[in-house]
Structure formats: structure tokens, C-alpha cells
Amino acid sequence: MTMTNKPHRNGRGLFLGALLGAVAGALLGRAAGSALFGAILGAVIGAAVLYRVNPGPWKRD
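Residues numbered from 1 in each chain as written. Predicted model: local features only at pLDDT ≥ 70, side-chain atom pairs only at ≥ 80, totals over all residues. Heavy atoms only, no water.

Could you clarify how one ought to interpret the overall build of the protein in this entry?
Secondary structure summary: the protein contains two helices and zero strands in total. The buried share of the protein, taken over its 61 residues, is 25%. A total of about 4900 Å² of accessible surface is found on the protein, and carbon and sulfur atoms cover 71% of it. (Helix = DSSP H or I, 4+ residues; strand = E, 2+ residues; numbered from the N terminus. Buried < 20%, exposed > 50% of the residue type's maximum accessible area, 1.4 Å probe, protein only. Areas by Shrake-Rupley, 256 points an atom, 1.4 Å probe, with all protein chains shown as cover.)

How should the UniProt feature "transmembrane region" (unreviewed entry) in the protein be read in this particular structure?
The feature "transmembrane region" (unreviewed entry), as annotated in UniProt, sits at residues 35–53 in this numbering. For the annotated span residues 35–53, helix accounts for 100% and strand for 0% of the residues, and the straight-line distance between the end C-alpha atoms is 26 Å. (UniProt positions renumbered as here; feature names shortened; annotations may be inferred.)

Quick question: what am I supposed to make of helix H1 (residues 11–32) here?
Given 3.6 residues per turn, any residue in an α-helix points the same way as the ones three and four places further on. Counted at 1.5 Å a residue, the expected span for H1 with its 22 residues is 32 Å, and the 30 Å between its end C-alpha atoms agrees. Residues of H1 that are buried include every one of Gly13, Gly17, Gly21, Gly25, Ala26 and Gly29, and no others. If you follow the buried residues of H1, they end up packed against helix H2 (35–53). Looking one or two residues past H1, Gly33 carries a phi angle of roughly 120°, positive in sign. (Expected span 1.5 Å × (residues − 1). Contact = heavy atoms within 4.5 Å.)

Laid out in C-alpha cells, this is it:
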């Protein structure tokens, strides 16, 4: 990997994924019987996915 090729990972994606995953997991978990477990599991999965996918920088040069 060269210096111009940065890995697609960032902290904002981690936060956004945790937030969206927790909300979605809580809604799905409530239907399954445990909103707390669903929220925790959803936050972990969502954070991992969006941390890797990376929504991109605010400023594009």
C-alpha cells in the first residue's frame, strides 16, 4: 500500500455505525423480546461495518 492509499476507516463512521446500529438493534430486539441485547449487538455490528466502509471526509479536496 502506498502513502496515497489510505485505508477506508474513520472515527465518524464508528460513531455513526454504533448509533444507527443501536437504534435498529433496539427496534428488532424489542420484537424478539430483548431490546437491550438487540441494541448492544446492533451497535457492535453497525460500528464495525461503518468503520470499515467509511462515509468519507466532510471536506473533499
